[in-house]
Amino acid sequence: MAASLTEPWVLEYGNSLKGSSKEIRHGRTAHNMSSSSLRKKSDLTLVSKVRCGLLRQFLTNLQEVILGTKLSILFPAIPLAVVAEYHGFGRPWIFALSLLGLTPLAERVSFLTEQIAYYTGPTVGGLLNATCGNATELIIAIFALSQYKIDVVKYSLLGSVLSNLLLVLGTSLFCGGIANLRKEQKYDRRQADVNSLLLLLALLCHSLPLLFRMTGASTAATADPTLQLSRASSIVMLIAYLSYLVFQLFTHRQLFEAQEESEDDDLNGVSSSEEPVIGFWSGFIWLVGMTAVISLLSEYVVETIEAASDSWGISVSFISIILLPIVGNAAEHAGAIIFAFKNKLDISLGVALGSATQISMFVVPLCVVFAWIMGINMDLNFNLLETGSLALSIIAVAFTLQDGTSHYLKGLVLLLLYIVIGACFFVSKTPLHHVNIANSGPKIDVEKIFRA
């Protein structure tokens, strides 16, 4: 019984894991390590008394997946959101409950991808994490596309980038600097340089459609060329992101593993364990189930965001750019800040810059391609205010990280930048525009795909 309890993977996947313990440890990314700081060790004493093997395994998985996080207190928001939807409660309540329910789900997806990586090896685990790392943002964007709410897509993705670059990174540098006043905080510049370069490429791809539209004779005359330019730029960005994955997982893997090797043994109770707590198929089934629940809550968020905006007297742009990223990625952000307190800035930078790069170079162009397939005209023109905020944020972060050292003042400046940008969108009352549907091209019902 003890073996089946402490080694649940033996029941599902055999006696061996793929790769050595060192390789398994290398499969963990900054996102995984950040989220792991919010996990807690499960007490399986009561579960061990269950005699039925299948029931004991199910209860073990349930305790590890649902109760194995400090955010488990937020799980009741999920059934409450469903009940509120089916009983016709106020739309703002549905929006708030759905947003709270997404918080622990995002952290659990990171946990499950890490568990699966134990069996698939570090390379496949890294690819899985690259795909699922920002699953919440991608699913929300797809549902917003299916309802032709292009502004919600652009605002939410822009907000995710800004929150990672300014709020998460700024808070990490500030808290790390305050907690380590008498220590010199250093980090590996090579990771920051690579991510900054990709962010500048993303900024160029966002700026060109805007400049093209501004220099054109009229909006109608430049609409089609701008759309074509955006689609071409999106393909270039996806190629660049695939090259980045090859760079990160194969050719220059050591750049992204240096911090893990030197600090991994010091993380007591978080990453010292080199064995999975659930089996491969259990992890896969739980991951599919979590993704389905995220899809359901994302649909609720997209449907009720305008009602919440009207009820609360807050613009949709502020909710999408500020509230959605803060609440939706609270677990990952909190983990990055905790590691900054421990003077492990490489992990904090890996979370903040890695997420910003993934959204800018993967999620945004992928949404443009999805919209193209669905027959929806979505371009990379995020308007002047939004693109200007993104440009200044990327430039400020690039200057902040250029010397490889940190102190609390750098973090404070980034936080103040985020507050000013947030205030700008708070007072902005830009109306929500629905996109025009293209005259030709196949149209896909995304909601039916996720509900299938």
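Look up: the structure comes first, before these words.
About the criteria used
- Residues numbered from 1 in each chain as written.
- Predicted model: local features only at pLDDT ≥ 70, side-chain atom pairs only at ≥ 80, totals over all residues.
- Heavy atoms only, no water.
- Helix = DSSP H or I, 4+ residues; strand = E, 2+ residues; numbered from the N terminus.
- Buried < 20%, exposed > 50% of the residue type's maximum accessible area, 1.4 Å probe, protein only.
- Contact = heavy atoms within 4.5 Å.
- Areas by Shrake-Rupley, 256 points an atom, 1.4 Å probe, with all protein chains shown as cover.
- Bend = angle between axes of the 7 residues up to and from the residue.
- Axes fitted to C-alpha atoms, helices over the stretch in contact; angles between N-to-C directions.
- Parallel < 35°, antiparallel > 145°, perpendicular 65-115°, else oblique.
- Left-handed = near helix turned anticlockwise from the far one by under 90°.
- Salt bridge = Lys/Arg side-chain N within 4 Å of Asp/Glu carboxyl O.

Chemist: Lay out the overall build of the chain in plain terms, naming residues and giving numbers.
Modeler: Check the secondary structure of the chain and you find 20 helices and two strands. Counting every position in the chain, which comprises 452 residues, the buried fraction comes to 58%. In the chain, of all internal contacts separated by at least 6 residues, the share reaching a separation of at least 24 is 85%. Surface accessibility of the chain: about 19,200 Å² in total, with carbon and sulfur atoms responsible for 65%.

Chemist: Describe helix 14 (residues 280-312), listing the residues and the values that go with them.
Modeler: Along helix 14, the sharpest kink reaches roughly 45 degrees, centred on Thr-304. Positive phi appears at Gly-313, one or two residues downstream of helix 14, with a value of about 70 degrees.

Chemist: Before we move on, can you summarise the packing of helix 14 against helix 15 (residues 316-328) with the specific residues and values?
Modeler: Helix-helix packing: each pair is described by the crossing angle between the helix axes and the interaxial distance. Between helix 14 and helix 15, the least distance of the axes is 9 Å, while the angle of their chain directions is 115 degrees. When the axis of helix 14 is compared with that of helix 15, the two are roughly perpendicular. Regarding helix 14 and helix 15, the two cross each other, and that crossing is right-handed. Where helix 14 approaches helix 15, its residues Val-301, Ile-305, Glu-306, Ala-308, Ser-309 and Trp-312 are matched on the opposing element by Val-316, Ile-319, Ser-320 and Leu-324.

Chemist: Describe the pattern of salt bridges, listing the residues and the values that go with them.
Modeler: Enumeration over the complete set of coordinates arrives at eight salt bridges. One salt bridge in this structure joins Arg-213 and Asp-379, with 3.6 Å as the shortest N-O distance. Separated by 166 residues along the polypeptide, Arg-213 in helix 11 (residues 189-215) and Asp-379 in the loop between helix 17 (345-374) and helix 18 (384-400) bring together distant segments of the chain. The buried category is assigned to Asp-379, whose relative accessible area is 12%. Via salt bridges that share partners, Glu-85, Arg-91 and Glu-303 belong to a single interconnected network.

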